[in-house]
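Read off the chains here:
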Amino acid sequence: ADGDGHSNLEEFLRGYDPNLAYALKDGVTWVEQENTAVTDTTLSKVSSEGQVYDAGAVGLQPIVGDGGVEYEIPWDDVGPRYIGLSASNDSAAEDDIDFAFFIDVDEFTGGIYIHENGSYIDKVSDIVEGNTLQIYRQDSTIYYRVNGNIVGSTVASTGELLVDTSMYYVGVQFTGVKWFGDD
């Protein structure tokens, strides 16, 4: 063990590097909310100016060194959303998130996509209940994982990052989002 309270096997199965002392936190504390409400561990879009990406929030806890965000897709996934990491929070728009997963629930084009700085990079998975998504920085490189498998990387990142979200329809939710990082 590396002193973070988690076994190396547990870290490996969750997709973390077992040689690093990451601490999976209990949950994200949401701040800078736009058109959202928080109940327990759930961030929900509650109002809108129409069907647009105008709702979201960021995590209070900054990620300074290595670390990231984890989100498990629920069974009742009802609308498109983005979750990822950003250097700043200028708006609730999807293009404001620097490194993100786009979760597209459309019956024809649906899937999980990597989205960086306003551009789609690649479709990396179909949507399956229980898919665990992680975006994290390790040694100044951003990595994307679905169910523990690396599905994208190569982007360099330094400086402070925040967990960031963007939601399209009223009723879209993020529940149980966790963050992790160097202690």
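Here, every reference points to the structure presented above.
Here we summarise the structure given alongside this text. (Residues numbered from 1 in each chain as written. Predicted model: local features only at pLDDT ≥ 70, side-chain atom pairs only at ≥ 80, totals over all residues. Heavy atoms only, no water.)

## Overview of the pattern of salt bridges
As a working rule, side chains carrying opposite charge can pair if their charged atoms are close by.
Okay, step 1: A full pass over the atoms with the stated rule returns two salt bridges.
Okay, step 2: Residue Lys45 is joined to Asp54 by a salt bridge in which the shortest nitrogen-to-oxygen separation is 2.7 Å. Across the pair, exposure class does not vary: Lys45 and Asp54 are buried alike. (Salt bridge = Lys/Arg side-chain N within 4 Å of Asp/Glu carboxyl O. Buried < 20%, exposed > 50% of the residue type's maximum accessible area, 1.4 Å probe, protein only.)

## Considerations on the pairing of strand S4 (residues 42-45)
Okay, step 1: Judged by which residues are buried, S4 turns out to be covered on both faces: Thr42 and Ser44 on one side and Leu43 and Lys45 on the other are all buried.
Okay, step 2: By the bridge criterion, four bridges tie strand S3 (residues 36-39) to S4 in an arrangement that is antiparallel. Its bridge partner being in S4, Ala37 is matched across the sheet by Ser44.
Okay, step 3: Counting the residues between successive antiparallel strands, the hairpin from S3 to S4 contains two residues, one of them, Asp40, with a positive phi of roughly 55 degrees.
Okay, step 4: Here S4 runs beside strand S15 (residues 173-175); their pairing, made up of three bridges, is antiparallel. If you follow Ser44 over to S15, its bridge partner there is Gln173. (Helix = DSSP H or I, 4+ residues; strand = E, 2+ residues; numbered from the N terminus. Pairing = 2+ DSSP bridges.)

## A word on the sheet that holds S4
Okay, step 1: With respect to topology, three strands assemble into an open sheet ordered S3-S4-S15, the strand pairing being antiparallel. Whereas interior strands pair on both sides, the edge strands pair on one side only; in this sheet they are S3 and S15. For this sheet, the mean angle separating the axes of adjacent strands, direction not counted, is 15 degrees. (Axes fitted to C-alpha atoms, helices over the stretch in contact; angles between N-to-C directions.)

## Brief notes about the packing of aromatic side chains
Okay, step 1: Scanning the entire structure with this criterion turns up 11 aromatic pairs.
Okay, step 2: On the basis of an interplanar angle of 50 degrees and a centroid distance of 6.2 Å, the ring pair of Tyr136 and Phe180 is categorised as tilted. Here Tyr136, found in strand S11 (residues 132-138), pairs with Phe180, found in strand S16 (residues 178-182); they are 44 residues apart in sequence, far enough to count as distant. Each member of the pair, Tyr136 together with Phe180, is buried.
Okay, step 3: Three or more aromatic residues link up through ring pairs in this structure, and these residues are Tyr53, Tyr82, Phe102, Tyr113, Tyr120, Tyr168 and Tyr169.
Okay, step 4: Lying over the aromatic face of Phe174, Arg81 brings its terminal NZ or CZ to 5.5 Å of the ring centre. (Phe/Tyr/Trp six-rings, centres within 6.5 Å; stacked < 30°, edge-to-face > 60°. Lys NZ or Arg CZ within 6 Å of the ring centre and 35° of its normal.)

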